[in-house]
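Coordinates in review
Given next are the chains, with one letter for each unit.
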Amino acid sequence: MALPQKTLRDAAALLDAGLITAAALPALSALQSRYAIALTPEVQARIASPDDPVGRQYIPHADEALSQPHEMADPTADAPFTPIKGVVHRYPDRALLKPLLACPVYCRFCFRREHVGPDGGLLNEAELEAALGWFAAHPEVGEVILTGGDPLMLSPRRLAHILGRLAALPHIHTLRIHSRVPVAEPSRITPELLAALRLETPLYLCVHANHAQEFGPAAGPALRALHGAGVVLLGQSVLLAGVNDSLAALEGLLRTMLAHRIKPYYLHALDAAPGTARFAVPDARALELLRSLRGRVSGLAWPVFVRETAGGAGKRPLGPAW
Ligand SMILES: *Cc1c(COP(=O)(O)O)cnc(C)c1O
């Protein structure tokens, strides 16, 4: 079946595609200036109905306008750990580099809730130089984690430049990229992009996906090609109500990751970003699910369940414990 042609970027386009009702249009049009919309052709093809596990992640909902008292604008508390634009340094030996904030898809639960246009949030040349200079001046930081936004949205030329500069620093022993692209927009995994990722320095790619249904026919070849380029594939997911908060969905997700050479790394508890309450799963329910999963799936499939601690103390494993 042919893929849809275009990325859908506003509520009117969602209505045309039959993904929202005319009655929902005014509320969702008002919301789109706050929380961006982007459904790639690959993602559209994965949605069988608007309320299914893929639709729920990407199609906006009027409840996003509602904030709860405990929800925070910066739930991961990156701001106090930002020594220079684009860098977040919270742990002694590793730091984030965020070369751009744009993302191929705008998940409705994302903690980065501000509106970022399709090319928005790109560090300019001087800012990128300053960020790379920060890494050069901090030899105790041996691991760089490219995140964003989504680093695989960069042009292969720009990505090769950034990775090459970092890999040339003698103290950088590990490079890591966090991305939804291999699953949500696998057409971006081109020979040029693969060439940019083929490095002497070990490169770990942490692939975000939350449900097996997100993996379409193009994801397999893209992930295989990444693996063939020497990239180590890890998986990262968020536990989300109505998406993957059932034993069958979690098991399906973890097994699908393994089938694609992805080692599940983290399962995140939802960050309390404004308007995300409809995805919240109570901790007791999460731990019960994970307890039931233990023993049912290979140890290879087992992620560490973590929550980002308010105030910037970092990710804490939540259990289960026996
Ligand atoms: C998540 C995160 C990391 C990486 O943590 P790991 O546990 O090594 O995956 C590093 N820095 C910041 C600021 C983070 O939020």
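Structure: above.
This structure is a prediction, so every number in the text was calculated from the model and none was measured. Within each chain, residue numbers correspond to sequence positions counted from 1 in written order. Where totals are concerned, whole chains, interfaces and linings use all residues; where local detail is concerned, this predicted model gives features only for residues with pLDDT of at least 70, and gives and counts side-chain atom pairs only at 80 or more. Side-chain measures were taken over the full set of non-hydrogen atoms in the model, leaving aside hydrogen atoms and water.

1. A few points about the overall build of the protein chain
Keep this limit in mind: Counting from the N terminus, the helices are DSSP H or I runs at least four residues long and the strands are E runs at least two residues long. We compute the radius of gyration from the C-alpha atoms alone; for a globule the expected value is 2.2 Å times N to the 0.38, where N is the number of residues. A contact between two residues is defined here by any heavy atoms of the two lying within 4.5 Å. Values of accessible area rely on a 1.4 Å probe in the Shrake-Rupley scheme; residue burial ignores everything except the protein chains shown.
Counting its secondary structure elements, the protein chain contains eleven helices and nine strands. A compact globule built from 322 residues should have a C-alpha radius of gyration of about 20 Å, and the protein chain, at 19 Å, falls within 12% of that. Each principal axis of the C-alpha atoms in the protein chain carries an extent, and together these give about 55 × 50 × 45 Å. In the protein chain, the proportion of contacts linking residues at least 24 apart, taken out of those at least 6 apart, comes to 78%. Roughly 13700 Å² of accessible area belongs to the protein chain as shown, and the carbon and sulfur atoms make up 58% of that amount.

2. So, helix 11 (residues 283–293)
So the rule is basically this: Categorising residues by exposure relies on relative accessible area from a 1.4 Å probe, with only protein chains included: less than 20% of the type maximum marks a residue as buried, more than 50% marks it as exposed, and the intermediate range marks it as partly exposed. The reported arc concerns the directions from the helix axis to the C-beta atoms and nothing else.
Restricting attention to buried positions, one finds in helix 11 the residues Ala 286, Leu 287, Leu 289, Leu 290 and Leu 293. Here the buried residues of helix 11 occupy an arc of 155° about the axis, which is enough to place them on one side. Looking one or two residues past helix 11, Gly 295 carries a phi angle of roughly 90°, positive in sign.

3. Side note on the sheet that holds strand 7 (residues 263–268)
Backbone-to-backbone hydrogen bonds pair the strands of a sheet. The strands run either parallel or antiparallel. Formally: For two strands to pair, DSSP has to find at least two bridges joining them. Axes, fitted as lines to C-alpha atoms, cover a helix only where it is in contact. Angles between the N-to-C directions of the axes lie from 0 to 180 degrees.
Spatially, the nine strands line up as an open sheet ordered 1-2-3-4-5-6-7-8-9, and their pairing is mixed. Looking along the sheet, the strands with just one partner apiece sit at the ends: strand 1 (87–91) and strand 9 (314–317). When the angles between neighbouring strand axes are averaged without regard to direction, this sheet yields 25°. Pairing geometry for strand 3 (residues 143–146) and strand 4 (residues 174–179), over four bridges, is parallel. Within the sheet, the bridge partner assigned to Glu 143 lies in strand 4 and is Thr 174.

4. Some words on the nonpolar core
Across soluble globular proteins, nonpolar side chains show a tendency to be buried alongside one another. Using the following cut-off: Among buried residues, the Ala, Val, Leu, Ile, Met, Phe, Trp, Tyr and Cys ones that are joined through side-chain atoms within 4.5 Å form a nonpolar core.
Counting 46 residues, the largest nonpolar core has Leu 97, Phe 135, Leu 166 and Leu 197 as its most contacted members. Among the elements that line this core, the one with the most residues is helix 5 (residues 125–136), at five residues. In this structure, Leu 166 is in contact with Leu 97, Leu 132, Phe 135, Val 144, Leu 146, Ile 172 and Leu 175, ignoring residues within four places of it in sequence. Membership of the second largest hydrophobic core comes to 26 residues, among which are Ile 37, Ile 59, Cys 107 and Phe 109.

5. Section: the site of the ligand
Heads up, the condition is: Only a single heavy atom is needed: when it lies within 4 Å of a molecule or strand, its residue is near that molecule or strand. Between N or O atoms, a polar contact is any pair within 3.5 Å; within protein, one atom must be a potential hydrogen donor and the other a potential acceptor, and residues adjacent in sequence are included only when both atoms are from side chains. Any residue with an atom within 4 Å of a point lines the site, the site being either a cavity, points on a 1 Å grid over the protein atoms alone where a 1.4 Å probe fits but cannot get out, or a pocket, an open set with protein on both sides within 12 Å along at least 5 of 7 lines. Whether a molecule lies in a cavity or pocket depends on its atoms, and more than half of them have to be within 2 Å of the grid points.
Every residue lining the ligand is accounted for by Val 88, Arg 90, Tyr 91, Arg 94, Leu 96, Ile 145, Arg 176, Tyr 265, Tyr 266 and Lys 315. Arg 94 has a polar side-chain atom sitting 2.6 Å from an oxygen atom of the ligand. Contact distances for the ligand include 3.0 Å between an oxygen atom and a side-chain N or O atom of Lys 315. Protein burial of the ligand: of its 390 Å² of free accessible surface, 89% is covered by the chains. In a pocket analysis with a 2 Å cut-off to the grid points, the ligand is assigned to the largest pocket. Those elements that place two or more of their residues in the shell around the ligand are strand 1, strand 2 (94–97) and strand 7. Here the element with the most residues in the shell around the ligand is strand 1; it accounts for three residues.

6. Structural notes on helix 10 (residues 247–259)
Threshold: By this rule, a helix spans an expected 1.5 Å times one less than how many residues it contains.
Its 13 residues give helix 10 an end-to-end C-alpha distance of 18 Å, which sits within 8% of 18 Å, the value for a rise of 1.5 Å per residue. Of the residues making up helix 10, those classed as buried are Ala 249, Leu 250, Glu 251, Leu 253, Leu 254, Thr 256 and Met 257. In this structure, the buried side of helix 10 is in contact with strand 5 (203–208), strand 6 (232–238), strand 7 and helix 11.

7. A short note on the packing of helix 5 against helix 6 (residues 156–167)
The cut-off we apply is this: The scheme is simple: roughly parallel for angles under 35 degrees, roughly antiparallel for over 145, roughly perpendicular for 65 to 115, oblique for anything else. By convention, the crossing between two helices is left-handed when the near helix turns anticlockwise from the far helix through less than a right angle, and right-handed when the turn is clockwise. Classes in brief: Ala, Val, Leu, Ile, Met, Phe, Trp, Tyr, Cys and Pro nonpolar; Asp, Glu, Lys and Arg charged; the others, Gly included, polar.
Between helix 5 and helix 6, the shortest axis-to-axis distance is 10 Å and the interhelical angle comes to 25°. One element, helix 5, and the other, helix 6, form an angle in the roughly parallel class. Like other packed secondary-structure pairs, helix 5 and helix 6 cross with a definite hand, here right-handed. Within the contact between the two elements, helix 5 uses Glu 125, Leu 128, Glu 129, Leu 132 and Phe 135 and helix 6 uses Arg 158, His 161, Ile 162, Arg 165 and Leu 166. When its residues are assigned to classes, the contact of helix 5 with helix 6 shows five nonpolar, one polar and four charged.

8. Considering the pattern of salt bridges
Short version of the rule: A pairing counts as a salt bridge when a side-chain nitrogen of Lys or Arg comes within 4 Å of a carboxyl oxygen of Asp or Glu.
In the structure shown here, the tally under the stated rule is 17 salt bridges. For the salt bridge of Lys 85 with Glu 127, the shortest nitrogen-to-oxygen distance reads 3.1 Å. Here Lys 85 is found in the loop between helix 4 (55–58) and strand 1, whereas its partner Glu 127 is found in helix 5, with 42 residues between them in sequence. Taking the shortest distance from any N to any O, the salt bridge between Arg 180 and Glu 214 comes out at 2.8 Å. A residue pair is termed long-range when its members are at least 10 positions apart, and Arg 180 in the loop between strand 4 and helix 7 (181–184) and Glu 214 in the loop between strand 5 and helix 9 (219–228) qualify at 34 residues. For the pair Arg 180 and Glu 214, one class covers both residues: buried.

9. As for the pairing of strand 5
Here five bridges tie strand 4 to strand 5, and the two strands are oriented parallel to one another. Each residue of the ladder has a partner; that of His 178, found in strand 5, is Cys 206.

10. Some remarks on the packing of aromatic side chains
Heads up, the rule is: Stacked, edge-to-face and tilted are the three classes for Phe, Tyr and Trp ring pairs, Trp counted by its six-membered ring, which pair at centre distances within 6.5 Å; planes under 30 degrees apart are stacked, over 60 edge-to-face, the rest tilted. Here, a charge over a ring means that NZ of Lys or CZ of Arg falls within 6 Å of the ring centre while also lying within 35 degrees of the ring normal.
Using the criterion set out here, one finds three aromatic pairs in the structure. The positively charged end of Arg 294 is found above the aromatic ring belonging to Trp 302, 4.8 Å away from the centroid.

11. Re the layout of surface pockets
Stated precisely, the cut-off is as follows: Grid points are joined across faces, edges and corners, and a volume is the space filled by probe spheres set on the points.
Roughly 1000 Å³ of volume is contained in the largest pocket. Taken together, 46 residues make up the lining of the largest pocket; nearest its centre are Phe 111, Arg 112, Thr 147, His 208 and Gln 236. Taken together, the elements giving at least two residues each to the lining of the largest pocket come down to strand 1, strand 2, strand 4, strand 6 and strand 7. In terms of residue class, the lining of the largest pocket is built from 21 nonpolar, eleven polar and 14 charged.

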